[in-house]
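Structural characterization, general
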Amino acid sequence: MSYATTHDDHHDHKPTGITRWLLSTNHKDIGTMYLIFALIMFFVGGAMAMVIRAELFQPGLQFVDPLFFNSMTTMHALVMIFGVVMPAGVGLANWQIPMMVGAPDMALPRMNNMSFWILPFAFTLLLSTLFMKGGAPAGGWTMYPPLTLQTGDALPFLIFAVHLLGISSIMGAINIIATVFNMRAPGMTFMRLPLFVWTWIITAFLLIATMPVLAGAVTMMLTDKFFGTSFFDAAGGGDPVMFQHVFWFFGHPEVYILILPAFGIVSQILPTFARKPLFGYESMVYAAAAIAFLSFFVWAHHMFTVGMPLAGELFFMYATMSIAVPTGVKIFNWMATMWKGSMTFETPMLFAVAFVMLFSIGGFTGLMMGITPADFQYHDTYFIVAHFHYVLVTGAVFALMAGVYFWIPKWTGHMYDETLGKCHFWLSVIFVNVLFFPQHFLGLAGMPRRIPDYNVQFADWNMVSSIGGFVYGFSQLLFVYIVIKCIRGGAKATDQVWEGAHGLEWTLPSPPPFHTFTIPPQVTDATAHS
Amino acid sequence: MDQDGQANKITPELAAKNRRTAIIIGLIALAFYAGFILMNLH
């Protein structure tokens, strides 16, 4: 049954022209804008990564001066975290959550518009610093004082951009919470929500709890720089290490803000292509909640080397280890979902399976660094760079790619080109490993992170890593081609799209009308999550 | 929304509930922001 086919289908008119986008209150249009924005920023951040890998292709300084290199590492991180992974996740949430819970739109559509339109302004501010006296911020995305206080004219721009990004995220989170709590269709109980919706509720609460902390930290830095306070200035009685504590109280949950929606996407895709219900649905919900809860008690594992009491080191080490338990529950549930399933390997499934395997590598290296004495060896080396790129690229970005391939036939009404999709996957999965796996070796051999030049002993693996980076980077242009081709045409997608797909969104036509669920659907166990 | 079979309209009551939710969560976020700064005042 198609719930969108109602008597007033002929009223399904949409605004036209630029105002459709500027003044949009439609969750689908806003979702599209978030996704396009994230894709553009993916190439902006990717270009910065290319500069980094080109400079590191050989030892010695080849292309850029060290300050600009440091700006590239800093800006690459800020762009990829706040401009790509977070907006792409919110874009998918905007498209999918109302359709998944049977709501006509997001709860607060005008605030939804504002949440999105803050982003281009925030990134204009941030990226404009590349052209400023003193250069763009170069002290690392963690913005530690006193180093970051040496930033030139760019500092207030950085701080204001972070504030704007925080406001945007908080408004997005409020919208998601209000939508899921207040707008669910009759019969859509919490334990019938699709896992993607569950992971987004938990992510939204994480955002509410942590973004104000980041905003507070950078506000204090602003007053230290311009208004004579000494929050983090030892000369005035402050404590620079306190910034690190406050930053990582935000920063560690932020990791889960980036990865929990990815868990949700994968939890939608694996059951669909294994043609089996998700194994252990309830335990998946509780595991996601447990991961989020524990993420507030592990922040100091990022700063073992600053020196802290032994009891503190032990507490944060054991707390970090404990996160492996709910994460393990999720990994094993995904494997059990696939076990003896009638699996097929379309592009979304390929990316999702690669996610499970490669994210696990990132998870395990995280555990290695969670061991305090071992971290003294790994800290600030390329080992950590390899670790977080396995988590964020083969983890978060692969899941986002999987999500786009999974849902784009629903959004556009056209199937994407499966052959090209598989080419994109194999190029990505091979060269992302060529890019990041050697960085483990470099880190273990002692190569520090955030350096534009290095000892010749690191030359070979750096060259391999750079080659992987160039091919992985350029192969993403194929993704853009596939998406554009799919939007412009292709084989007609059915309403259900995938044989094993279950859930409310698959009851809608492909593409769904501008306004969906004008009659609320009645949700039963049969129409609930797969 | 317990409006089974009826138009899926955003009633004034539902809109008010959504606004209330937004204001409450927004105030909590603001309290976290101010709290963390105040906590660091010496």
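Note that the structure is a prediction, hence the values are computed from the model and not measured.

A short note on the overall build of chain A
Along chain A, the regular secondary structure elements total 14 helices and zero strands. For 530 residues, the compact-globule formula gives about 24 Å, and the C-alpha radius of gyration of chain A, at 23 Å, lands near that figure. Referenced to the eigenvectors of the C-alpha coordinate spread, the extents of chain A come out at roughly 70 × 50 × 45 Å. Buried positions account for 55% of the 530 residues belonging to chain A. Of all intrachain contacts in chain A linking residues separated by at least 6 positions in sequence, the fraction that spans at least 24 positions is 83%.

With respect to the nonpolar core
Residue and element names in this part refer to chain A. Ranked by size, the top nonpolar core spans 175 residues in total, and within it Val266 and Ala402 carry the most contacts. By residue number, the principal contributor to this core is helix α12 (residues 382-412), which donates 21 residues. Setting aside chain neighbours within four positions, we find Val266 in contact with Trp334, Ala352, Phe355, Val356, Ala399 and Ala402.

Considering the domain arrangement of chain A
Residue and element names in this part refer to chain A. What the domain assignment lists for chain A is domain 1 (25-143 + 154-183), domain 2 (194-335) and domain 3 (344-493). Computed over C-alpha atoms only, the centres of domain 1 and domain 3 are separated by 19 Å. Between domain 1 and domain 3, the residue contacts involve 23 residues of the former and 23 residues of the latter. Ranked by residues supplied to the side of domain 1 that touches domain 3, first place goes to helix α3 (residues 66-101) with nine residues. Counted by class, the side of domain 1 that touches domain 3 contains 14 nonpolar, seven polar and two charged residues.

Points about the interface of chain A and chain B
In this complex, chain A contributes 31 residues to the contact, which on the side of chain B involves 21 residues. The set of elements that each furnish at least two residues to the side of chain A that touches chain B consists of α5 (154-182), α6 (195-226) and α7 (240-274) of chain A. Considering each element in turn, the side of chain A that touches chain B owes the most residues, eight residues, to α6(A). In terms of residue class, the side of chain A that touches chain B is built from 24 nonpolar, six polar and one charged.

With respect to α7(A)
Residues and elements named next belong to chain A. For α7, which comprises 35 residues, the first-to-last C-alpha distance of 51 Å matches the rise-based estimate of 51 Å (1.5 Å per residue) to within 8%. Where α7 bends most, the angle comes to about 30°, and this point is Trp248. Buried residues dominate α7, accounting for 31 of its 35 residues. Among the residues trailing α7, Arg275 stands out with phi positive, at a value near 55°.

A closer look at the environment of A:Phe69
Residues and elements named next belong to chain A. Position of Phe69 among the secondary structure elements: in helix α3. Remark: the alpha-carbon pair of Phe69 and Ile52, spanning 17 residues in sequence, is separated by 6.7 Å. Contact partners of Phe69, with chain neighbours within four places excluded, come to Glu55, Val64 and Pro452.

Some words on the packing of helix α13 (residues 418-444) of chain A against helix α14 (residues 459-488) of chain A
All names here are of chain A. For the pair α13 and α14, interaxial distance at closest approach is 8 Å and the crossing angle is 155°. In terms of their interaxial angle, α13 and α14 are classed as roughly antiparallel. Considering the relative orientation of α13 and α14, their crossing is left-handed. Class assignment of the residues belonging to the contact of α13 with α14 gives a composition of 18 nonpolar, nine polar and no charged.

A few points about the packing of α3(A) against α6(A)
Residue and element names in this part refer to chain A. Across the interface, α3 lies against α6 with an axial gap of 10 Å and an inter-helix angle of 120°. As judged from the angle between their axes, α3 and α6 are oblique. Note that α3 runs across α6; the crossing there is left-handed. Of α6, the residues touching α3 (which contributes Ala93, Gln96, Ile97, Met100 and Val101) are Phe196, Val197 and Trp200.

Thoughts on α3(A)
Residues and elements named next belong to chain A. Compared with the 52 Å implied by 1.5 Å per residue over 36 residues, the 50 Å span of α3 between its first and last C-alpha is a close match. Its axis deflected by about 30° at Met80, α3 carries its strongest bend there. Counting buried residues along α3, 32 of its 36 residues qualify, which places the element largely inside the surrounding structure. Positioned one or two residues after α3, Gly102 has a phi angle of 80°, which is positive.

A word on unusual backbone geometry
Residues and elements named next belong to chain A. Cis rather than trans, the peptide bond between Pro145 and Pro146 has omega equal to 5°. As for its placement among the helices and strands, Pro146 is situated in the loop between α4 (109-128) and α5. Within the chain, Arg275 stands out as a residue other than glycine whose phi angle is a positive 55°. Following the sequence through the fold, Arg275 ends up in the loop between α7 and α8 (281-294). In this structure Arg275 comes out as partly exposed when scored by C-beta crowding, with 15 C-beta atoms within 10 Å. The backbone phi angle of Val497 is positive, close to 65°, even though this residue is not glycine.

Cut-off values and rules
- Residues numbered from 1 in each chain as written.
- Chains lettered and ligands numbered in written order.
- Predicted model: local features only at pLDDT ≥ 70, side-chain atom pairs only at ≥ 80, totals over all residues.
- Helix = DSSP H or I, 4+ residues; strand = E, 2+ residues; numbered from the N terminus.
- Rg over C-alpha atoms; globule rule 2.2 N^0.38 Å.
- Buried ≥ 20, exposed ≤ 12 C-beta atoms within 10 Å, placed from the backbone.
- Contact = placed C-beta atoms within 7 Å.
- Core = buried A, V, L, I, M, F, W, Y, C linked by C-beta atoms within 7 Å.
- Domains from an automatic or database assignment.
- Nonpolar A, V, L, I, M, F, W, Y, C, P; charged D, E, K, R; others polar.
- Expected span 1.5 Å × (residues − 1).
- Bend = angle between axes of the 7 residues up to and from the residue.
- Axes fitted to C-alpha atoms, helices over the stretch in contact; angles between N-to-C directions.
- Parallel < 35°, antiparallel > 145°, perpendicular 65-115°, else oblique.
- Left-handed = near helix turned anticlockwise from the far one by under 90°.

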